[in-house]
Amino acid sequence: MKLWAISDLHVGYAENRHAIQEIPAHPDDWLILAGDLGETTVHLRFVFEVLRKRFRRLVWAPGNHELWTVPSIETLRGVAKYEALVATCREYGVLTPEDPYELFDDGVRPHLIVPLFTLYDYSFCPEGMTPEEARAWAREEGLECVDEHLLHPDPYDSRELWCAARCAESEARLAQALSTHAGPTVLINHFPLMAELARTPRIPRFSIWCGTHRTADWHRRFAASVVVSGHLHIRKTQVVDGVRFEEVSLGYPQQWRRMHPHARLRQILPVPDA
């Protein structure tokens, strides 16, 4: 049995929908979907309809795109939108950040599978900046994430306050889970857990929409063997403090067109051969 991962499916694009339909079946394996499947509940349903028949278990962590409230399509905002997405996942038996963590045995040892939702708080910026200053710093380079217009934090007053609440809740749940689970974890989050892993060379100031310093030591604190993320659209494997970090984005059509269908998934467990 294997654990696979992919993120940033962006099935609002017809080419991406076709790419998802080409993913081969692994009926004995689990698949992590690490966010940005699309922008609407309809997009989530499309992905689940296609992939739930091809894998034993699906695991989902939300990206920023799923949390958008797209004008004229959906009206739910913030926490209400997130809760509606979780409800859709449960219709299809998909594991979410709101469900009890489950164990995956890779044939060597059981790993606790931990889907997370942490959001971001603009702290991946030069030290000492406030969120307002960080956004102004990004605008100096002509950058403004669409989240600023479509990702609403309701009922929180700001995205950074929602992020703080999500991080506190996740820390408490992880601490409780690890009081009874002595083995390793697989941490799954759409956003990179560390600022040094959130580098986008072509648009470096986009980093402010990429995570929070609150999670910087979670791979050590919470016994991670692997950390899975997306968001950057830069597929790569990095090792930090002896922990493997996997960025597993598919991305937009121009970013994956030359990728073989069998290469679109990243093997997480067992540890793939080099």
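A few points on the structure. Just so it is clear, the model here is predicted, and its values are computed rather than measured.

**Here we look at the side chain of Asp 29**
Take Asp 29: it is sitting in strand β2 (residues 26–33). One buried charged side chain, Asp 29, makes no salt bridge at all; its nearest oppositely charged neighbour is Lys 2, positioned 6.1 Å away. A polar atom in the side chain of Asp 29 sits 2.9 Å from the side chain of Trp 4. Leaving out residues up to four positions away in the same chain, Asp 29 has contacts with Met 1, Lys 2, Trp 4, Phe 55, Arg 56 and Arg 57.

**Some thoughts on the packing of aromatic side chains**
Going through the model one piece at a time under the given rule, you end up with eleven aromatic pairs. Arranged with centres 5.6 Å apart and planes meeting at 55°, the rings of Phe 48 and Tyr 92 form a pair that is tilted. Here the residue Phe 48 occupies a position in helix α2 (residues 41–51), and Tyr 92 occupies one in the loop between α3 (78–91) and β4 (102–105), the gap between them amounting to 44 residues. Overall, the relative accessible area of 0% leaves Phe 48 in the buried class. The interplanar angle of 40° and the centroid separation of 4.7 Å between the aromatic rings of Tyr 82 and Phe 117 together place this pair among those described as tilted. With a gap of 35 residues between them, Tyr 82 in helix α3 and Phe 117 in the loop between β5 (110–115) and α4 (131–139) connect regions that are remote in the sequence.

**Overview of the pairing of strand β3 (residues 55–60)**
The element β3 is extensively covered by neighbouring structure, given that five of its six residues are classed as buried. In terms of handedness, the path from β2 via α2 over to β3 forms a crossover that is right-handed.

**Here's the deal with the packing of helix α1 (residues 14–21) against α2**
One can describe the packing of α1 onto α2 by two numbers: an axis separation of 10 Å at closest approach and a directional angle of 25°. Compared by their axis directions, α1 and α2 come out roughly parallel. At the point where α1 passes α2, the crossing takes the right-handed sense. In contact with Arg 17, Ile 20 and Gln 21 of α1, α2 contributes Phe 46, Val 50 and Leu 51. Residue classes in the contact of α1 with α2 are distributed as four nonpolar, one polar and one charged.

**Quick word on the sheet that holds strand β10 (residues 266–269)**
Taken in spatial order, the four strands of this open sheet run β3-β2-β1-β10, and their pairing is mixed. Across the chains shown, the open sheet's two edge strands, defined by having one partner strand only, are β3 and β10. Each strand of the sheet is rotated relative to its neighbour by a mean of 30°, with strand direction disregarded. Both strand β1 (residues 3–6) and β2 contribute to a ladder of four bridges, which runs parallel. From the neighbouring strand, Ile 6 faces β2, where its bridge partner is Leu 33.

**Details of α1**
Along α1, the residues classified as buried are Asn 16, Ala 19 and Ile 20. In a view along the axis of α1, the buried residues occupy a sector of 100°, so they form one face of it. Buried residues along α1 sit against α2 and α8 (253–256).

**Points about the sheet that holds strand β6 (residues 185–188)**
By way of backbone hydrogen bonds, the strands of a sheet pair with one another, either parallel or antiparallel. Strands sit in the order β4-β5-β6-β7-β9-β8 across an open sheet of six strands; the sheet is mixed. Both outer strands of the open sheet, β4 and β8 (236–240), are each paired with one neighbouring strand and no more. Each strand of the sheet is rotated relative to its neighbour by a mean of 25°, with strand direction disregarded. In this sheet, strand β7 (residues 224–229) lies alongside β6 in parallel orientation, the contact comprising four bridges. Bridge pairing links Ile 188 to Val 228 in β7.

Conventions used here
- Residues numbered from 1 in each chain as written.
- Predicted model: local features only at pLDDT ≥ 70, side-chain atom pairs only at ≥ 80, totals over all residues.
- Heavy atoms only, no water.
- Helix = DSSP H or I, 4+ residues; strand = E, 2+ residues; numbered from the N terminus.
- Buried < 20%, exposed > 50% of the residue type's maximum accessible area, 1.4 Å probe, protein only.
- Lys, Arg positive; Asp, Glu negative; His and termini not counted.
- Salt bridge = Lys/Arg side-chain N within 4 Å of Asp/Glu carboxyl O.
- Polar contact = N/O pair within 3.5 Å; in protein donor to acceptor, adjacent residues only side chain to side chain.
- Contact = heavy atoms within 4.5 Å.
- Phe/Tyr/Trp six-rings, centres within 6.5 Å; stacked < 30°, edge-to-face > 60°.
- Right-handed = clockwise from strand over helix to strand, strands pointing away.
- Axes fitted to C-alpha atoms, helices over the stretch in contact; angles between N-to-C directions.
- Parallel < 35°, antiparallel > 145°, perpendicular 65-115°, else oblique.
- Left-handed = near helix turned anticlockwise from the far one by under 90°.
- Nonpolar A, V, L, I, M, F, W, Y, C, P; charged D, E, K, R; others polar.
- Pairing = 2+ DSSP bridges.
- Arc of directions from axis to C-beta.

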